[in-house]
Amino acid sequence: MKRIVVLISGTGSNLQAIHHACLAEAWPARIVAVLSNQPEAAGLAWAREQGIEAVGLDHRAHADRAAFDAALAAEIDRQQPDLVVLAGFMRILTPAFVARYEGRMINIHPSLLPAFSGLHTHRRAIDAGCRVAGATVHFVTAELDHGPIVAQAVVPVLDGDDADTLARRVLVQEHRLYPMAVRWFVNDELALQGLRVRHTGAAAQHLLADMAGGKDTT
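A quick note: this is a predicted structure, and the numbers were derived from the prediction, not measured. (Residues numbered from 1 in each chain as written. Predicted model: local features only at pLDDT ≥ 70, side-chain atom pairs only at ≥ 80, totals over all residues. Heavy atoms only, no water.)

With numbering matched to this structure, UniProt assigns "site: Raises pKa of active site His" (unreviewed entry) to D145. Look past the residues within four positions of D145 in its chain and what remains in contact with it is N107, H109, L113, S117, G118 and H138. A distance of 3.4 Å separates a polar atom in the side chain of D145 from a polar atom in the side chain of H109. (UniProt positions renumbered as here; feature names shortened; annotations may be inferred. Contact = heavy atoms within 4.5 Å. Polar contact = N/O pair within 3.5 Å; in protein donor to acceptor, adjacent residues only side chain to side chain.)

Structure representation (structure tokens):
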């Protein structure tokens, strides 16, 4: 049984999507803890309602980024996770922290990486005249919003879109894409090969079906 720790900063909508998929699809895994740098994050209260351990670690209570990351790592390690999932965790992590969980920490970003890393992705995509936007699940590396790509979902940019309307449509796809990527990991259907991710088993079959139907790119 794989052990998953999820890091959040807000409501944790992707956390909820992953949790529901884990139960509905009977993954060989469970979320053992939810951690947040915001002790009052709504996602922590939701996790407690599900019977999941939830811990707030206020980053403002630590002297610097390295001190907070050390405290966060100690809490993560206490859970002995197989996978660390960043789900709206709004902190830049130190290289030492990222190296500690290399190959077992993933993130979702609301753009088609490597385009529009960082903040304000939807506004930047619209301002650049993009006809498509989307979301990317990737393994975390020391470079912000980079790392081997696990999967991407494409969303059209419509005439009249603003950042909010585009964000809402992208979020719908995030809630589909992220649980799928986590399921692949816990089923051992992902293999890292340098900067690329090789999909095996059911993951590869799913990708072929989606590409044939023009649904996603990966």
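Quick look at the pattern of salt bridges now. In total, this model carries nine salt bridges according to the counting rule given. Two residues, D188 and K2, come together in a salt bridge whose shortest N-O distance is 3.3 Å. Highlighted residues: D188 in the loop between α6 (163-186) and β8 (190-193) and K2 in strand β1 (residues 2-8), separated in sequence by 186 residues. Residues joined in a network through salt bridges with shared partners are E53, E75 and R78. (Salt bridge = Lys/Arg side-chain N within 4 Å of Asp/Glu carboxyl O. Helix = DSSP H or I, 4+ residues; strand = E, 2+ residues; numbered from the N terminus.)

Right, let's talk about the layout of surface pockets for a bit. A water-sized probe, rolled over the atoms, reveals where empty space remains. Size it by volume and the largest pocket reaches roughly 900 Å³. Every residue lining the largest pocket is counted, 35 residues in all, and those nearest its centre are G88, F89, M90, I108 and P110. Mapped onto the lining of the largest pocket, the elements with two or more residues apiece are α1 (13-24), β5 (105-109), α5 (121-127) and α6. The greatest single-element share of the lining of the largest pocket, amounting to four residues, is contributed by α6. (1 Å grid on protein atoms, 1.4 Å probe; cavity = no way out; pocket = protein on both sides within 12 Å on 5 of 7 lines; lining within 4 Å. Points joined across faces, edges and corners; volume = space filled by probe spheres on them.)

As a further point, take unusual backbone geometry. Going from L113 to P114, the amide bond is cis rather than trans, its omega being 10 degrees. Although it is not a glycine, A26 adopts a positive phi angle of roughly 55 degrees. Following the sequence through the fold, A26 ends up in the loop between α1 and β2 (29-36). With relative accessibility at 60%, the residue A26 sits in the exposed group. Here the phi dihedral of Q80 falls at roughly 50 degrees; this positive angle occurs in a residue that is not glycine. (Buried < 20%, exposed > 50% of the residue type's maximum accessible area, 1.4 Å probe, protein only.)

Here we come to the UniProt feature "binding site: N(1)-(5-phospho-beta-D-ribosyl)glycinamide" (unreviewed entry) in the protein. Here, UniProt's "binding site: N(1)-(5-phospho-beta-D-ribosyl)glycinamide" (unreviewed entry) annotation points to G12, S13 and N14. Checked against the lining of the largest pocket, the annotated residues reduce to G12, S13 and N14. Structurally, S13 is set in helix α1. Every residue in contact with S13, bar those within four places of it in the chain, is listed here: L171 and H175. Setting aside residues no more than four positions away along its own chain, N14 makes contact with A87, I108, L171, E174, H175 and Y178.

Here β2 lies mainly inside the structure; seven of its eight residues are buried. Two strands pair when backbone bridges link them, and β1 and β2 are joined in this way by seven bridges, in the parallel orientation. Residue pairing for β2: I8 is matched across the bridge by S36. In the sheet, β2 pairs with strand β3 (residues 53-56) via four bridges, with the strands oriented parallel. Looking at the pairing, V34 lines up with A54 of β3. The parallel pair β2 and β3 is bridged by helix α2 (residues 42-49), and the resulting crossover is right-handed. (Pairing = 2+ DSSP bridges. Right-handed = clockwise from strand over helix to strand, strands pointing away.)

What follows concerns α6. For α6, with 24 residues, the first-to-last C-alpha span of 33 Å sits near the 34 Å given by 1.5 Å per residue. At E174, α6 shows its largest bend, some 25 degrees. The N-cap residue of α6 is D162: its side-chain oxygen and the backbone nitrogen of D164 are 3.1 Å apart. Of the residues one or two after α6, D188 is the one with positive phi, at around 60 degrees. (Expected span 1.5 Å × (residues − 1). Bend = angle between axes of the 7 residues up to and from the residue.)

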